[in-house]
Structures are given as C-alpha cells and as structure tokens.
Amino acid sequence: LARLLGPVRAVAESRLLADPARRSLWGHSFGALFALYTLATRPEAFARYAAISPSVWWDAPLVNGLADQIRGGGQRLLLAVGDAEKHRGTPNAGAQTPAGPPPATMALGRRLAAVPGLEVTRAVYPGAAHIDSLTASLPQTLALAAQ
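Criteria and cut-off values
- Residues numbered from 1 in each chain as written.
- Predicted model: local features only at pLDDT ≥ 70, side-chain atom pairs only at ≥ 80, totals over all residues.
- Heavy atoms only, no water.
- Pairing = 2+ DSSP bridges.
- Helix = DSSP H or I, 4+ residues; strand = E, 2+ residues; numbered from the N terminus.
- Axes fitted to C-alpha atoms, helices over the stretch in contact; angles between N-to-C directions.
- Contact = heavy atoms within 4.5 Å.
- Buried < 20%, exposed > 50% of the residue type's maximum accessible area, 1.4 Å probe, protein only.
- Right-handed = clockwise from strand over helix to strand, strands pointing away.
- Expected span 1.5 Å × (residues − 1).
- Bend = angle between axes of the 7 residues up to and from the residue.
- pLDDT = per-residue confidence, 0-100.

Trainee: Quick rundown of the sheet that holds strand 1 (residues 24-28)? Include the residues and the values.
Mentor: Read across the sheet, four strands follow the order 1-2-3-4 without closing on themselves; strand pairing throughout is parallel. Whereas interior strands pair on both sides, the edge strands pair on one side only; in this sheet they are strand 1 and strand 4 (119-125). When strand polarity is set aside, the average angle formed by the axes of neighbouring strands in this sheet is 10°. Note that strand 3 (residues 76-82) and strand 4 share seven bridges and pair parallel. Bridged to alanine 80 within strand 4 is alanine 123. Relative to strand 2 (residues 48-52), helix 5 (residues 132-146) is tilted by about 170°, and along the sheet it contacts strand 1, strand 2, strand 3 and strand 4.

Here it is, written out as structure tokens:
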C-alpha cells in the first residue's frame, strides 16, 4: 500500500492528468481484500473502491475486522460477486455448494451498506464464476470511476 500510494502514484500521476476526486481502486479476489483493507486503513487514499469477489472465505475474522474499521467519509464502494462463484472449475463444484452468490459476501455487502457516509453499490453477476466476475465488473467499475 505504501508503494502504491508513494512511488507508483507519483510516477503515474506525473505523466497523467489525475483527478483526486475520482481516484479509484479496483481489486478482484485477494485484490478485493486489498481494496477493503485500503478502505479500512487509508480511506482517503481513493474516492472510489471496487471490491470484486473478495476472498472472504480466506479469513472471515480478518474480513469482519476490516469491516468493523470502515468509516464512511464520502467514498463510493462497488461490492460485486458472481452467482456461480463455487459452481464451475472447482473440484466437486455444486455438490456441496448451494446455488447463488456466496452468503458470506452477501452478508458483508449488507453490513457495509449500513455504514453511514459510505455509498455502497452491490451487484451480483448472473452465471459468473469467480474469475468471470472480474470481466463482468469492468463496465460497472469504469462507470463508477467516471462519476
């Protein structure tokens, strides 16, 4: 995070016209956890965050701890997930997994939507497995960044 906000941002913004009010961070899977971590610990670093298919399963207590730290300050968050996250491309997919988006991610979305001062958009991409949600989120993420 320090590198991203320091030398990487400095080089990128020395060559591009950047609007701090529209800076956006887009992450998928573990990258989505990074986006949530940044929102929790350095919320002013970006105005918009897109956390796509966050790997909540990896460490639910950690994710819940991050959610506890998030305070709204006018940021916008897109939290999105596919409704077939565990149904394709995984061993025994569907055998033990109910249809629909992951319940833990949906619960996280409801929890974050209740944070005052944080504008949360939640999306479920029909038929999208975990990797599919990355490309499915691109139009919505670009729209978020352009607002």
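Trainee: I'd like a description of the pairing of strand 2, backed by residues and values.
Mentor: With five of its five residues buried, strand 2 lies for the most part within the structure. The alternating pattern of strand 2 places Arg48, Ala50 and Ile52 and Tyr49 and Ala51 on opposite faces, both of which are buried. Here five bridges tie strand 1 to strand 2, and the two strands are oriented parallel to one another. Bridged to tryptophan 26 within strand 2 is alanine 50. In terms of handedness, the path from strand 1 via helix 2 (residues 30-41) over to strand 2 forms a crossover that is right-handed.

Trainee: Account for helix 5, with residues named and values stated.
Mentor: Its 15 residues give helix 5 an end-to-end C-alpha distance of 23 Å, which sits within 8% of 21 Å, the value for a rise of 1.5 Å per residue. Taken as a whole, helix 5 carries its principal kink of about 45° at leucine 138; the proline proline 139 stands between one and four residues after it. All of the buried residues in helix 5 are Ser133, Ser137, Thr141 and Leu144. Close packing links the buried residues of helix 5 with strand 1, strand 2, strand 3 and strand 4.

Trainee: Before we move on, can you summarise the confidence of the model for the chain with the specific residues and values?
Mentor: A residue-level look at the chain finds 92% of positions with pLDDT of 70 or above and a mean pLDDT of 91. Highest mean pLDDT in the chain belongs to strand 2 (98); lowest belongs to helix 3 (residues 60-69) (92).

Trainee: Explain helix 2 to me, and be specific about the residues and the numbers.
Mentor: The periodicity of an α-helix, 3.6 residues per turn, causes residues three or four positions apart to be oriented the same way. Look at helix 2: 16 Å from first C-alpha to last across 12 residues, which is about the 16 Å you get at 1.5 Å a residue. Residues of helix 2 that are buried: Ala32, Leu33, Ala35, Leu36, Thr38, Leu39 and Ala40. Residues of helix 2 that are buried in the fold lie against strand 1, strand 2, helix 3, strand 3 and helix 4 (103-113).

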